[in-house]
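# Remarks on the overall topology
So the chains spell out like this:
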Amino acid sequence: MASSEMARHLKRENIRSLTMSGHVGFESLPDQLVNRSIQQGFCFNILCVGETGTGKSTLIDTLFNTNFEDYESSHFCPNVKLKAQTYELQESNVQLKLTIVTTVGFGDQINKEESYQPIVDYIDDQFEAYFQEELKIKRSPFTYHDSHIHVCLYFISPTGHSLKTLDLLTMKNLDSKVSIIPVIAKADTVSKTELQKFKIKLMSELVSNGLQIYQFPMDDDTIAKVNAAMNGQLPFAAVGSMDEVKVGNEMVKAGQYPWGVVQVENENHCGFVKLQEMLICTNTEDLREQTHTRHYELYRRCKLEEMGFTDVGPENKLVSLQEIYEAKRREFHGERQRKEEEMKQMFVQREKEKEAILKEAERELQAKFEHLKRLHQEERMKLEEKRRLLEEEIIAFSKKKATSEIFHSQSFLATGSNLRKDDDRKNSNVL
């Protein structure tokens, strides 16, 4: 079936298949690719989501067999924060730039409705950074640090009951943006029987709620059988520990309890080895590819559609990017002219309104001025009238004063003559 489809595809593309008569050398292309990849190194970014105290840091340390020097997180964070740390690791001649992103304060808030939003925003921010790098004229694809989240290890508390609402909401908002591998944290706290029942219940709830978790790929025949078996083991029940305990004659990583020892790398005790094998040894490149070809492509497509770009135009005809750009440019130019015209009209309208307001204020000032002018004239006329009356009073007073002075002087003269007559009379009587 595959060969017939290939033949039809070749025929449709008008590609001829030829047979060479000798050795050419392009069979070394895989070796060239391997050498180039080793020189450039690899990057792998892991997002650890889970409530505080679920053993995220311990499990990551155990997965990579090193201490990442993570610090204990507080339980009193008002909001969920994401902390990213990048490390350079080397195994044989392969270099790995590993970024561990952990959620600080996840699930510690009283109101947990939007605890997932900072995680969604962080993943989108990494997509946006890569998208902006792609849009640059001068790009640096080989030196650009890929900060995409390649896998999300979602730590589920081993309650033995159903998934929490917080877990359902978070995974529902993340499954289209990142490959999710659910992990039952601290699986050594429940018995094997309870653990198996819990795993079955979790998978049933994930399916019934339409949550898409990462499925190990089946397209590679060399690992298809292993991956098919591991898909039936999800979610992994893992235990992490960097402590070494002597078991028999060997020192092994294990957690020691009063009731016994849980060996981290013993598949009969937990699923740590399966998780490590599937995550790091077998499917790392597929997770990186899924991130780019599925999750980032979905973000990129939605982003371009929001910007108005499309592959087909009217009547389902293919449109080039240049045509879309020119159409958007004309649309933008027309929109700008329309807004300019609206602004001009608005400016003219506001000018008219201001002019009308100023004219109204001018009329009010003129009316007020006329009113004050009338009041001033009336006051002036009143003052003139008072002045006239005062002058008349002054004249009348002056006349009265003159008459009084005349009368007074006449009285004084008459009194003087009478006195002289009395003196003469007295003198005559004496003689």
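Below is a short write-up of the structure. (Residues numbered from 1 in each chain as written. Predicted model: local features only at pLDDT ≥ 70, side-chain atom pairs only at ≥ 80, totals over all residues. Heavy atoms only, no water.)

## Description of the sheet that holds strand S3 (residues 94–104)
One key point about sheets: their strands pair by backbone hydrogen bonds, in either a parallel or an antiparallel sense. Short version of the rule: When DSSP finds two or more bridges between two strands, those strands count as paired. Put simply, DSSP marks the helices as runs of H or I at least four residues long and the strands as runs of E at least two long, and each gets a number from the N terminus on.
Spatial strand order, S2-S3-S1-S4-S5-S6: 6 strands in an open sheet with mixed pairing. Since the sheet does not close on itself, it has two edges, and those belong to strand S2 (81–91) and strand S6 (236–237), each with one partner. Judged from the 11 bridges that link them, S2 and S3 form a sheet pairing that is antiparallel. The residue bridging leucine 89 from the neighbouring strand is leucine 96, located in S3.

## Digging into the nonpolar core
Cut-off, in case you're wondering: Only buried Ala, Val, Leu, Ile, Met, Phe, Trp, Tyr and Cys residues count toward a nonpolar core, and they belong to the same one when joined by side-chain atoms within 4.5 Å. Note on exposure labels: buried denotes an accessible area under 20% of the residue type's maximum, exposed denotes more than 50%, and partly exposed covers the range between, all computed with a 1.4 Å probe on protein chains only. Should any heavy atoms of two residues lie within 4.5 Å, those residues are considered in contact.
Counting 66 residues, the largest nonpolar core has Ile46, Ile60, Leu63, Leu153, Ile181, Leu275 and Leu279 as the members making the most contacts within it. With 7 residues, the single largest contributor to this core is helix H4 (residues 117–135). Filtering out sequence-adjacent residues up to four positions away, isoleucine 181 remains in contact with Val151, Cys152, Leu153, Tyr154, Tyr214, Phe216, Leu234, Phe236, Leu275 and Leu279.

## Topic: unusual backbone geometry
Here the amide bond leading from leucine 234 into proline 235 is cis, since omega sits at -10°, within 30 degrees of zero. One non-glycine residue, asparagine 65, adopts positive backbone phi at about 55°. A positive phi is found at serine 92, a non-glycine position, where the angle reads about 60°. With respect to the helices, strands and loops of the structure, serine 92 is situated in the loop between S2 and S3. According to the relative accessible area criterion, serine 92 is exposed, its value standing at 70%.

## Some points on the pattern of salt bridges
For clarity, the cut-off: When a carboxyl oxygen of Asp or Glu lies within 4 Å of a side-chain nitrogen of Lys or Arg, that pair is called a salt bridge.
Inspection of every chain in the model, using the stated rule, returns 14 salt bridges. Between arginine 300 and glutamate 134 there is a salt bridge, with its nearest N and O atoms 3.8 Å apart. Linking arginine 300 in helix H9 (residues 284–306) with glutamate 134 in helix H4, this pair joins segments that are 166 residues apart in sequence. Across the salt bridge formed by glutamate 335 and arginine 338, the nearest N and O atoms sit 2.3 Å from each other. A residue pair is termed a helical-turn pair when its members lie 3 or 4 positions apart in one helix, as glutamate 335 and arginine 338 do in helix H10 (residues 321–430) at 3 residues. A cluster of three or more residues bridged by salt bridges with shared partners is formed by Glu134, Glu297 and Arg300.

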